[in-house]
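Here is how the chains run, residue by residue.
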Amino acid sequence: MRTGLTDVFAGTICSVLTITYSLSYAALIFSGPLAHFLSYGIAVTFMSAAVGGAFVALRSSLPFAVAGPDSSISVVIAALVATVLQRVAAGGDTDLLGPALIAMALATALTGLLMCVLGFTHAGRAIRFLPYPVVGGFLGATGWLMVTGAIQVVTDQHATLANLGAFAGATTGAKLAAGAAVAIILHVLLRRTKSPFALPGVLLASFAAMHLVLLLSGTSIGAAQASGWMFNPQPAASLSLPWKTVALHAFPWAALPSFAGDVLAVMFVTISTLLLNTTGIEIATRTEADIERDLKVHGLANLLTGGLGGMVVCTSLSRSILVRTAGATSRLSGLTVAAISAGVLIADPSFLGYVPKYVLGGLLLYLGSDLVYQWLMHSSRRLLPLEYLSLIAIAALIIYSGFIAGVLIGIVIGCATFALSASRVNAIKFNFDSSNYRSTLDRGPSELALLAEHGRQIQGMTLQSYLFFGSANRLYQYVKTLLARQPDCRFLIFDFRLVTGIDSSATHSFAQIKQVTAAHGVRIVLAHLSAELERAFRTARFISDDVTIFADLDRALESCEQKVIETHRAEAGEKPSLSAWLSEVLGDPQHADRLAAYCRRLEVETGDIIARQGEPAASMHFILEGRVGIIVDIGDGRTMRVRSLGRHTTIGEMGLITQRPRSATIQAETASVLYELAADDYETIKREQPALSQALLAYVVAVMAERLSFANRVVGVLQR
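Criteria and thresholds
Just so you know, the residues in each chain are numbered from 1, in the order the chain's sequence is written. pLDDT decides what is reported in this predicted model: residues at 70 or higher carry local features, side-chain atom pairs at 80 or more are listed and counted, and totals for whole chains, interfaces and linings draw on all residues regardless. To obtain the side-chain values, all non-hydrogen atoms of the structure were used and water was disregarded. To qualify as a helix, a DSSP run of H or I must reach at least 4 residues; to qualify as a strand, a run of E must reach at least 2; elements of each kind are numbered from the N terminus. Any residue under 20% of the maximum accessible area for its type is buried, any over 50% is exposed, and the rest in between are partly exposed; the area is computed with a 1.4 Å probe on protein chains only. Note on definitions: a residue-residue contact is assigned when non-hydrogen atoms from the two residues lie within 4.5 Å. A 1.4 Å probe and the Shrake-Rupley method give the accessible areas. Residues count as covered only by the protein chains that appear here. The sign given to each residue is positive for Lys and Arg and negative for Asp and Glu; His and the chain ends receive no count. We put the charge of a Lys on NZ, of an Arg on CZ, of an Asp on CG and of a Glu on CD. The term salt bridge refers to a side-chain nitrogen of Lys or Arg lying within 4 Å of a carboxyl oxygen of Asp or Glu. DSSP-based pairing: two strands are paired if at least 2 bridges between them are found. Axes here refer to lines fitted to C-alpha atoms; in helices the fit is confined to the stretch in contact. Angles between the N-to-C directions go from 0 to 180 degrees. Multiplying one less than the number of residues by 1.5 Å gives the expected span of a helix. Pairing of N or O atoms within 3.5 Å defines a polar contact, subject to two protein rules: one partner must be a possible hydrogen donor and the other a possible acceptor, and residues neighboring in sequence count only if both atoms are side-chain atoms. Ring geometry is summarised as follows: Phe, Tyr and Trp rings, the Trp one being its six-membered ring, pair when their centres sit within 6.5 Å, and such pairs are stacked at plane angles under 30 degrees, edge-to-face over 60 and tilted between the two. Placement of a positive charge over a ring is assigned whenever Lys NZ or Arg CZ falls within 6 Å of the ring centre and within 35 degrees of the normal to the ring plane. Every angle not falling under 35 degrees, over 145, or within 65 to 115 is termed oblique; those three ranges are roughly parallel, roughly antiparallel and roughly perpendicular. By definition, any crossing whose near helix is turned counterclockwise from its far helix by less than a right angle is left-handed, and any crossing with a clockwise turn is right-handed. Three classes are used: nonpolar for Ala, Val, Leu, Ile, Met, Phe, Trp, Tyr, Cys and Pro, charged for Asp, Glu, Lys and Arg, and polar for all others, with Gly counted as polar. For the purposes of this analysis, a disulfide is any pair of cysteine sulfur atoms at a distance within 2.5 Å.

Caption draft 1: Up close: the overall build of the chain. Along its length, the chain carries 26 helices and 16 strands. Reported as C-alpha extents along the three principal axes, the dimensions of the chain are approximately 125 × 65 × 45 Å. The buried share of the chain, reckoned over its 720 residues, is 51%. Long-range pairs, those at least 24 residues apart, make up 81% of the contacts in the chain with a sequence separation of at least 6. Accessible surface, the chain: about 31800 Å² in total, of which carbon and sulfur atoms supply 61%. Averaging the positions of the 54 positive and the 50 negative side-chain charges in the chain gives two centres separated by 8 Å.

Caption draft 2: Region of the structure containing the pattern of salt bridges. Per the counting criterion, the structure on display carries 12 salt bridges. The salt bridge partner of Asp546 is Lys514, with a shortest N-O separation of 3.5 Å. Of this pair, Asp546 sits in the loop between α20 (531-539) and β8 (547-550) while Lys514 sits in helix α19 (residues 504-519), and the two are 32 residues apart along the sequence. A residue is classified by how much of its surface remains accessible, and Lys514, at 15% relative accessible area, is buried. Measuring nitrogen to oxygen at the nearest pair gives 2.9 Å for the salt bridge that ties Arg601 to Glu603.

Caption draft 3: Summary view of the environment of Glu447. Its place among the elements puts Glu447 in helix α17 (residues 445-454). Separated by 255 residues in sequence, Glu447 and Ala702 place their C-alpha atoms 15 Å apart.

Caption draft 4: Summary view of the sheet that holds strand β16 (residues 672-678). Strands sit in the order β9-β16-β11-β14 across an open sheet of four strands; the sheet is antiparallel. The open sheet terminates on both sides in strands that have one partner only, identified here as β9 (600-604) and β14 (649-651). Shown here is a sheet whose adjacent strand axes are inclined to one another by a mean of 30°, direction ignored. Across five bridges, β9 lies against β16 in antiparallel orientation. Within the sheet, the bridge partner assigned to Arg601 lies in β16 and is Tyr675. Along the sheet, helix α22 (residues 578-586) makes contact with β11 (619-625), β14 and β16, crossing β11 at roughly 120°. Across the face of the sheet, helix α25 (residues 679-688) comes into contact with β11 and β16 while running at roughly 55° to β16.

Caption draft 5: Representation of helix α3 (residues 71-90) in the model. In a regular helix each residue adds 1.5 Å, so 20 residues correspond to 28 Å; α3 covers 29 Å between its end C-alpha atoms and thus fits that length. In this structure Asp70 caps α3, since a side-chain oxygen of it lies 3.1 Å from the backbone nitrogen of Ser72.

Caption draft 6: Just the side chain of Asp294, in detail. With respect to the element layout, Asp294 can be found in helix α11 (residues 291-307). The side chain of Asp294 sits in the buried core without any salt bridge; Arg293 is the nearest counter-charge, 5.4 Å away. Leaving out residues up to four positions away in the same chain, Asp294 has contacts with Ser60, Ser61, Leu274, Thr278 and Ala289.

Caption draft 7: Quick peek at the packing of aromatic side chains. Evaluated as defined, the whole model comprises 13 aromatic pairs. Seen from their ring centres, Phe432 and Tyr437 are 4.9 Å apart, and the 40° between their planes marks the pair as tilted. With relative accessibility at 14%, the residue Tyr437 sits in the buried group. Joined through ring pairs, the aromatic side chains of Phe494, Phe496, Phe510, Phe537 and Phe542 make up one cluster. Lying across the ring of Phe542, Lys514 places its NZ or CZ 5.4 Å from the centre.

Caption draft 8: Here's a closer look at the sheet that holds strand β6 (residues 491-502). Taken together, five strands build an open sheet; the order of strands is β3-β5-β6-β7-β8 and the sheet is mixed. Two strands in the sheet have a free side with no partner beyond their single neighbour: β3 (428-433) and β8. Taken pair by pair, the neighbouring strands of this sheet meet at an average axis angle of 20°, ignoring direction. Note: strand β7 (residues 523-527) against β8, four bridges, orientation parallel.

Caption draft 9: Region of interest: unusual backbone geometry. Non-glycine residue Ser465 carries a positive phi angle of around 70°. Here Ser465 is to be found in strand β5 (residues 458-467). Judged by its relative accessible area of 39%, Ser465 is partly exposed. Residues other than glycine seldom take positive phi values, yet Arg541 does so here, at roughly 60°. Tracing the backbone through its elements, the reader meets Arg541 in the loop between α20 and β8. Accessibility expressed as a relative area gives 73% for Arg541, which makes it exposed.

Caption draft 10: Local environment of α22. Buried within α22 are the following residues: Leu578, Trp581, Leu582, Ser583, Val585 and Leu586. Residue Gly587 follows α22 closely and has a positive phi angle near 80°.

Caption draft 11: Up close: the packing of helix α6 (residues 170-192) against helix α7 (residues 198-217). Across the interface, α6 lies against α7 with an axial gap of 10 Å and an inter-helix angle of 155°. What the angle tells us is that α6 and α7 run roughly antiparallel. Handedness of the crossing formed by α6 with α7: right-handed. From α6, Val182, Ile185, Leu186, Leu189 and Leu190 reach across to α7, where they touch Ala198, Leu199, Val202 and Ser206. Looking at the contact of α6 with α7, its residues break down into eight nonpolar, one polar and no charged.

Caption draft 12: Region of interest: the state of the cysteines. Here the structure, examined in full by the defined rule, presents zero disulfides. The cysteine Cys489 is free of any disulfide, with Cys560 supplying the nearest cysteine sulfur at 9.4 Å.

Taken by themselves, the reported measurements are silent on function.
Okay, here's the thing in structure tokens:
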């Protein structure tokens, strides 16, 4: 019971804002040629707040959500109505209300339909991919148009450069000053206090101040109405559906393409506002919303209000936070706001004659100037100079050319800005050569020495991001510089593991790279090509016999390393010899002969298991010829090869020394010749031949040191 009363109280407090906002939006839309239909506009606005607000309150993912007409959306609707009235007036038709209501209801229904489509197809978050300057420019321009609309509400004059003379009078200046005073007080007070009663308190105080001034000055209400300080009393208006045959026939359907852009603007700003408001409510109340569900709910709500001839409704950030701050926890708060809005429908509209224009105009001025400050001024601190200039340009285009022209050109500007920024991103994640970055194949000292000496013949780079004309051209320039700096380069490896896509202009840059490498006698090697990338390269005829493709970078490196080693090993005339190898690593031919006497020769075929993971480490192996793989069991019946070892390397030495179970399975990857040193023989060596034992231990330490040094070099390459 107590919770229910709290929700009703919170909804009642919020209703003060809803009533004030709705009156402001009605005055904004139904101004100028529609000013004498203001009572009907008020009825439409409150009907929308009641019907749409109740539907959202019942079904929203936020139980305390309060929905109704919104400031940004109302500005765009006002622009739409003004455009339609211009077309109607140009055609000589004197019935302005019918076409205005049809346009407003049609935009509302189409907006609801789009929101339903986005909600049911789970595509609502696609709007988040719009460039930030476009959204910021749109909302900043909306704020500016709201400011000019507020000036018109207060003074009954259009705020244009051609009409500046109309604002020179003292009375007009006093009205503007009164509206500006309300806006300034709201700005100052709401920045200093979080009280939910601050905004309605200022509005009620402003209302009371006007009547106090009239009382003290002896001015009648009628005189204030006649001088434009208050709204004229409005006759009662009965709502009716706008979808009448006569009204539909009079609607300027032939001019629909000319204001279709404004309809699209209503859709765009409604979806943007819903997403921004929902995000703000989530942050302020620490409550998670289901945006897809809310899109569907708002879509159905707007289809309903549009069918009834109403205007767009959207969850309100300020009012939802207000009821939450006031203690609301259930849907009863939103339903209370909707019920009070419905109650205003049956009230005598003549009460509007007691409402000062500067109060509603000041509220609109506050809302509009806040948007202008947040998006056109304060955003300069959060954006790069180029992005901020784009935002300002987009806002100016919207103000002077209309919403759709501004948004479309803004998207073009945003895309161009993004392309320029993206072109500055280095397409190379890191570059390397085989003297500091090698394959996972462990090699013997002689082969490592060859790679250390000739590893720069293998140059490579891991690419990243999306490759297009800007980034690919920088890559081409880098390759030209690289080949000029490394004239002995034989292989150029491109790793595409981090590349998300490529366009045709980028493949042209790779064609230029191919021409440069061919002139230097360098072979191009491609690794980690996805199906999409390979298709793009084949379409561009880049892949040919002089381009090698590997599944991953490790295999590409291993193949290139082997070719470099074979070339220089042939030059040195090196022959495989166990004695020569052991003599080199142990530093003494006698140690080599003694160690060889303890070892047992093993000849294994491809796929043979040499040792299994988890078994006792009963031996270590010297690999004379061939290659073995280190395979780790990662669970669920899956295994992974983590490393390979080639000729003149050892495996199992750490397990033999520490006497721990084997941490991986050893499997022959090719036909191999190994020499096995058993644990018992190793213990005999330690007891009976300490000099050999020390030499063997020193060799193991050297192997571990080299592997650690290599790992450090790899980390250094990756951190470039």
